[in-house]
Amino acid sequence: MTNPSVHYRACNLCEAICGLEISYSGTQVIAINGDKNDPFSRGHICPKALALKDIYEDTNRLKLPLKRTETGWETISWSEAFDDIAATLKAIQARDGNNAVAMYAGNPSVHNSGTFLSGTGLMRALKTQNIYSATSADQLPHHFAAWQMFGHPFLLPIPDIDHTDFWLIMGGNPIASNGSLMTVPDVANRLKAIQQRGGKVVVIDPRFTETAAKADAHHFIRPGTDVFLLLAMLQVVFDEGLDKTPAFVTGLDEVRTLVAEFLPEKVELKTGISADSIRNLTRAFANAPSAVVYGRVGLSMQAFGGACQWLLNVLNVVTGNIDRAGTAMFTHPAVDILANTKGTYNKYNRHRSRVRGLPEFMGELPVSVLAEEILTEGDGQIKALITSCGNPILSTPNGQQLDKALEGLEFMVAIDIYINETTRYADYILPPATGLEVAHYDLTFNALAVRNVTRFSEPLFFKAENAKYDWEIFQELSARLSGEAGAVPQDPHAKVDLGLRFGGYNLSLEHLRQHPHGLDLGPLRPDLPNRLLTQDKKIHLAPELLVKDILRIRKVWQESKVNTHFDLLLTNRRHLRDNNSWLHNSQRLVKGRNRCTLMMHPDDARQRAISEMDNVKISSRVGEVTVPVEITDKVMKGTVSLPHGYGHGRDGVQLSVAQTHAGVSVNDLTDDLVIDELTGNAVFVGVPVRVEVLEAIGNTV
Ligand SMILES: Nc1nc2c(c(=O)[nH]1)N[C@H]1C(S)=C(S)[C@@H](COP(=O)(O)OP(=O)(O)OC[C@H]3O[C@@H](n4cnc5c(=O)[nH]c(N)nc54)[C@H](O)[C@@H]3O)O[C@H]1N2
Ligand SMILES: Nc1nc2c(c(=O)[nH]1)N[C@H]1C(S)=C(S)[C@@H](COP(=O)(O)OP(=O)(O)OC[C@H]3O[C@@H](n4cnc5c(=O)[nH]c(N)nc54)[C@H](O)[C@@H]3O)O[C@H]1N2
Ligand code: SF4
Ligand SMILES: [Mo]
């Protein structure tokens, strides 16, 4: 055999964008290792990187368009598929209006530059208000707070963990997730480095997580109550004179007044964290030479997600922990997507959802209303849906309801590489080339990284014969919808080249091609107030829309209602070898112990006569599922934890792995009617549930 060749690229499976060194021969991947010469990831990878080989080789991965027929799926030509789809969508829109067609874009949309750069063209061509995405499942609160406080929804502060003396982590488990809205390959060593230079890491989480195990301290918190903890920490900051607010802010006095009533003694009752711990934590945070509080999905997926991200930013700012080394900082990416997009994204409440009247934000409606918009008859009802890179039946609240909704749609198209729980309802599935077959420039995660970095990945392999790139699919569909059929699709990476040339570092795609390990552009650097995109170049600590949410917070603050039927609070969890719903097609990632278990505290188990690995029924307002239980004191008493992305046992799914790993979907329990009313984000944590052992209620397993 000839010596293998080596290809370098960035892994695009999660936000850490680790550099890979791939040995290959012909079209065979021989090995995937970490690229030690990547200045950012320094050779780190996780087990998921090997899934890129599995996806490339997976015989279940689709490569040609499929059409549903009475006798099952049939392969058809691209041009026939595009023509049929465009004609049907146009006919539906001519009959029922533009809003009768909806689109949902899932998580990998931001991990593929072809999709990222061309997908929005299709949304525009559809001229519909019914645009949805995974953004309203996990991160609207970040964007909402950033828009209100810093002037652009994507101007997100990033924790400068490579220089910090104190890292407070709320509702994130970067050791399992490899970090989010904070691109940070090799987070474990970066965390250890904080401790080695004498700094501290503290985790607030209802579960003693893999990250908590590496931290200096961990506090259990009752799910959904972080907003009170943040308010109490701010109360302590002002009460004890620990504030060091920079000059470029507005609304400081208003915030000081707002937080005054949230005394740690009262917050202790809500959160389960003692008043002493709240005071000590606040003092340690405010007195550290540099500190940063970071909050991710566990914070954003709660009923006060928007308020949490607002108050978390306020805590960083008023303790002087903004725009200095080791604090919350803004990036200066090589391609700055913020530069000219204020007009595109700073949009709110231009229209409302038809049934529940929820406001649009950044051109999107909350995904929690998608099912009701399909199921509720009347003018403007959704009759057709396009999904791209998504699996909303498993990833959005009340999956059973969406299941029914999609089953009843008049027409559905999925742009996806698998027949999954959602795409099985499509009339057409259009699969793009992906992974090792495509070029990729990470527009999103280079811009959210804890260092300014840049890198371009060339395709390693040719796409399959007659296959299409994602951008070809989007552009061909858009062209047919806008009456420009025949326009030749243009590789959108030319736009990346332009962005690099005008991005402040004098780069180009050609330059990046010469540097296959990526380029380090230096640590995050102070740039306030210059980098702010507010009109007055100030950070707004008390914008009216955010402050108004205090009324809703006070209502919950004052109530002491106990739910005696649904008497446990359900939260989420991620495992290192999962990736939302779709990497369960990789045998090497799913092998081993069943990870779809319900974690429960020993006292809660005893009280319900539940033993280890018993099958239990979990029920909520919207549904029920049956799973084995794992009894552990690593979850807070009163709280249970179940991972999302499982539930592959539904009919018609083409799984590449054994059904024993199918698991159940946590989103058959989560409630579409409970959202963060401020931002519209779905609520996945703190879901009231009841857990019963199956035998005890007379069933057999
Ligand atoms: N209860 C609960 N629910 C959650 C979460 C939680 O923590 N708890 N997390 C939420 C979060 S953070 C997110 S981001 C969402 C994710 O939810 P979604 O974005 O809806 O779904 P994914 O599971 O990421 O599915 C990705 C799909 O993209 C396809 N795909 C992969 N690569 C490509 C490609 O290159 N092109 C195309 N066209 N398709 C591709 C895969 O086959 C898969 O079908 O789930 C959310 N749901
Ligand atoms: N291995 C792996 N990596 C991934 C993904 C994956 O599915 N698997 N998904 C990717 C995606 S799309 C995203 S968005 C990121 C998410 O990245 P992270 O935000 O790090 O996600 P999680 O690991 O779900 O961590 C959320 C934590 O919040 C805790 N939590 C739950 N409820 C509460 C609460 O009320 N308060 C507090 N303080 N904490 C709470 C949970 O116990 C959990 O430990 O991960 C990305 N990386
Ligand atoms: S941490 Fe994320 S980017 Fe790095 S190898 Fe794993 S999946 Fe890929
Ligand atoms: Mo996410």
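Residues numbered from 1 in each chain as written. Chains lettered and ligands numbered in written order. Predicted model: local features only at pLDDT ≥ 70, side-chain atom pairs only at ≥ 80, totals over all residues. Heavy atoms only, no water.

The name that an unreviewed UniProt entry assigns to the protein is Molybdopterin oxidoreductase family protein, with the source organism given as Runella rosea.

Chemist: So what exactly am I meant to see when it comes to the overall build of the protein here?
Modeler: Across its full length, the protein holds 25 helices and 30 strands. Its C-alpha atoms give the protein a radius of gyration of 25 Å, within 12% of the compact-globule value 27 Å for 701 residues. Taken along the three principal axes of its C-alpha coordinates, the protein extends 70 × 70 × 55 Å. Relative to its full complement of 701 residues, the protein shows a buried share of 62%. For the protein, long-range pairs separated by at least 24 residues make up 74% of all intrachain contacts whose partners lie at least 6 apart in sequence. (Helix = DSSP H or I, 4+ residues; strand = E, 2+ residues; numbered from the N terminus. Rg over C-alpha atoms; globule rule 2.2 N^0.38 Å. Buried < 20%, exposed > 50% of the residue type's maximum accessible area, 1.4 Å probe, protein only. Contact = heavy atoms within 4.5 Å.)

Chemist: Where do I start with the sheet that holds strand S5 (residues 72-75) in this structure?
Modeler: Two pairing modes exist for strands in a sheet, parallel and antiparallel, and in both the strands are linked by backbone hydrogen bonds. The strand order across the open sheet built from 7 strands is S5-S4-S19-S18-S17-S6-S7, with neighbouring strands paired in mixed fashion. Across the chains shown, the open sheet's two edge strands, defined by having one partner strand only, are S5 and strand S7 (131-133). Sheet twist, expressed as the average angle between the axes of neighbouring strands with direction ignored, equals 20°. Relative to strand S17 (residues 384-388), strand S6 (residues 101-105) is paired through 5 bridges, and the arrangement is parallel. Looking across to S17, one finds that Ala102 is bridged to Leu385. Across the sheet, helix H19 (residues 470-481) is in contact with S6, S17, strand S18 (411-415) and strand S19 (428-430); its angle to S18 comes to roughly 150°. (Pairing = 2+ DSSP bridges. Axes fitted to C-alpha atoms, helices over the stretch in contact; angles between N-to-C directions.)

Chemist: Help me out: how do you make sense of the domain arrangement of the protein in this one?
Modeler: Many structure descriptions define interface size as the accessible area lost when the parts assemble. Each assigned domain of the protein is listed with its residue range as follows: domain 1 (140-332) and domain 2 (561-699). Computed over C-alpha atoms only, the centres of domain 1 and domain 2 are separated by 27 Å. Of the residues lining the interface, 27 residues belong to domain 1; the matching set on domain 2 comes to 26 residues. Counting each side, the surface lost to burial between domain 1 and domain 2 is near 2,000 Å², with a carbon and sulfur contribution of 67%. Linking domain 1 to domain 2 there are 7 residue pairs in polar contact (both at pLDDT 80 or more). Taken together, the elements giving at least two residues each to the side of domain 1 that touches domain 2 come down to helix H5 (140-150), helix H6 (174-177), helix H13 (297-300) and helix H14 (305-318). Tallied by class, the residues present in the side of domain 1 that touches domain 2 amount to 15 nonpolar, 10 polar and 2 charged. (Domains from an automatic or database assignment. Buried area = accessible area lost by both parts, 1.4 Å probe. Polar contact = N/O pair within 3.5 Å; in protein donor to acceptor, adjacent residues only side chain to side chain. Nonpolar A, V, L, I, M, F, W, Y, C, P; charged D, E, K, R; others polar.)

Chemist: Please explain empty space enclosed by the protein as it appears in this structure.
Modeler: Empty pockets left among the atoms are what a rolling probe the size of a water molecule brings to light. This structure, assessed with the given rule, holds 8 cavities of 30 Å³ or more. Volume-wise, the largest cavity comes out at about 160 Å³. Elements with a minimum of two residues in the lining of the largest cavity: strand S8 (158-159), strand S13 (292-295) and H14. Grouping the amino acids of the lining of the largest cavity by side-chain chemistry returns 10 nonpolar, 5 polar and no charged. By volume, the second largest cavity amounts to about 120 Å³. Taken together, 17 residues form the lining of the second largest cavity, with Ile17, Asp38, Asn446, Thr454 and Arg455 sitting closest to its centre. Elements with a contribution of two residues or more to the lining of the second largest cavity: strand S20 (440-441), strand S21 (451-454) and strand S23 (519-523). (1 Å grid on protein atoms, 1.4 Å probe; cavity = no way out; pocket = protein on both sides within 12 Å on 5 of 7 lines; lining within 4 Å. Points joined across faces, edges and corners; volume = space filled by probe spheres on them.)

Chemist: Quick question: what am I supposed to make of the pattern of salt bridges here?
Modeler: Two side chains bearing opposite charge may form a pair once their charged atoms approach each other closely. Considering all chains together, one arrives at 43 salt bridges under this definition. In this structure, Lys53 engages Glu57 in a salt bridge whose closest nitrogen and oxygen atoms are separated by 2.8 Å. Of this pair, Lys53 and Glu57 both sit in helix H1 (residues 51-57), 4 residues apart, which is roughly one turn of that helix. Look at Lys53 and you get buried, because its relative accessible area is 17%. (Salt bridge = Lys/Arg side-chain N within 4 Å of Asp/Glu carboxyl O.)

Chemist: Is there a simple way to think about the site of ligand 1 in this case?
Modeler: Looking at ligand 1, there are 30 residues lining it, with Tyr104, Asn107, Asn420, Thr434 and Ser581 nearest. Measuring from an oxygen atom of ligand 1, one finds a side-chain N or O atom of Asn420 at 2.7 Å. A distance of 3.2 Å separates an oxygen atom of ligand 1 from a polar atom in the side chain of Asn572. Of all the elements in the fold, those that place two or more residues in the shell around ligand 1 are helix H4 (135-138) and helix H17 (392-395). (Near = heavy atom within 4 Å.)

Chemist: Where do I start with the UniProt feature "domain: 4Fe-4S Mo/W bis-MGD-type" (unreviewed entry) in the protein in this structure?
Modeler: The positions UniProt marks with the feature "domain: 4Fe-4S Mo/W bis-MGD-type" (unreviewed entry) are residues 4-60. In the segment residues 4-60, helix accounts for 12% and strand for 35%; the C-alpha atoms at its two ends are 27 Å apart. (UniProt positions renumbered as here; feature names shortened; annotations may be inferred.)

Chemist: What's the story with the site of ligand 3 in this structure? I'm lost.
Modeler: As a structural note, the neighbourhood of ligand 3 is formed by Cys11, Leu13, Cys14, Ala16, Ile17, Cys18, Ile45, Cys46, Lys48, Ala49 and Asn178. When its residues are assigned to classes, the shell around ligand 3 shows 9 nonpolar, 1 polar and 1 charged.

Chemist: Could you clarify how one ought to interpret the side chain of Ser300 in this entry?
Modeler: Residue placement: Ser300 occurs in helix H13. For Ser300, a relative accessible area of 0% translates into the label buried. For Ser300, the residues in contact, after removing those within four places along its chain, are Asp138, Pro141, His142, Gly305, Gln309, Asn681 and Ala682.

Chemist: Honestly, the nonpolar core in this entry has me stumped. Any pointers?
Modeler: The tendency in soluble globular proteins is for nonpolar side chains to be buried as a group. Within the largest apolar cluster, 95 residues are counted, with the highest numbers of intra-cluster contacts made by Trp167, Leu168, Trp310 and Ile539. For this core, the leading source of residues is helix H9 (residues 226-239), giving 10 residues. Excluding residues that lie within four positions of it along the chain, Ile539 makes contacts with Met149, Phe150, Phe248, Val249, Thr250, Val317, Ile322, Leu528 and Leu532. (Core = buried A, V, L, I, M, F, W, Y, C linked by side-chain atoms within 4.5 Å.)

Chemist: Before we go on, may I ask you to explain the packing of H9 against helix H10 (residues 252-259) in this structure?
Modeler: Axes are the key here: two packed helices are described by the angle between their axes and the distance separating the axes. In the contact formed by H9 and H10, the axes pass within 9 Å of each other and the chain directions differ by 115°. On the basis of their axis angle, the class for H9 and H10 is roughly perpendicular. Crossing geometry of H9 relative to H10 is assigned as left-handed. Two secondary-structure elements touch here, H9 through Leu231, Leu234, Gln235 and Phe238 and H10 through Leu252, Val255, Arg256 and Val259. A per-class count over the contact of H9 with H10 returns 6 nonpolar, 1 polar and 1 charged. (Parallel < 35°, antiparallel > 145°, perpendicular 65-115°, else oblique. Left-handed = near helix turned anticlockwise from the far one by under 90°.)

Chemist: Mind showing me how you'd approach the packing of aromatic side chains here?
Modeler: Two aromatic rings are characterised by how far apart their centres lie and by the angle between their planes. All told, the structure shown has 17 aromatic pairs when counted by the stated rule. An angle of 40° between the planes, with centres 5.2 Å apart, marks the rings of Trp147 and Phe361 as tilted. Remark: Phe361 occurs in strand S16 (residues 359-361) and Trp147 occurs in helix H5; sequence separation between them is 214 residues. Summarising the burial analysis for this pair, Trp147 and Phe361 share the class buried. Considering the side-chain rings of Phe166 and Phe285, the 5.8 Å spacing of their centres and the 90° angle between planes classify their relative orientation as edge-to-face. Of this pair, Phe166 sits in strand S9 (residues 166-170) while Phe285 is found in helix H12 (residues 275-287), placing the two residues 119 residues apart along the sequence. Taken individually, Phe166 and Phe285 each receive the classification buried, so the pair is uniform in this respect. Members of the aromatic cluster, joined through ring pairs, are Phe144, Trp147, Tyr348 and Phe361. Here the guanidinium or amino end of Lys270 rests over the ring plane of Phe228, the centre of that ring lying 5.9 Å away. Seen from the ring of Tyr469, Lys463 lies directly overhead, with NZ or CZ sitting 4.9 Å from the centre. (Phe/Tyr/Trp six-rings, centres within 6.5 Å; stacked < 30°, edge-to-face > 60°. Lys NZ or Arg CZ within 6 Å of the ring centre and 35° of its normal.)

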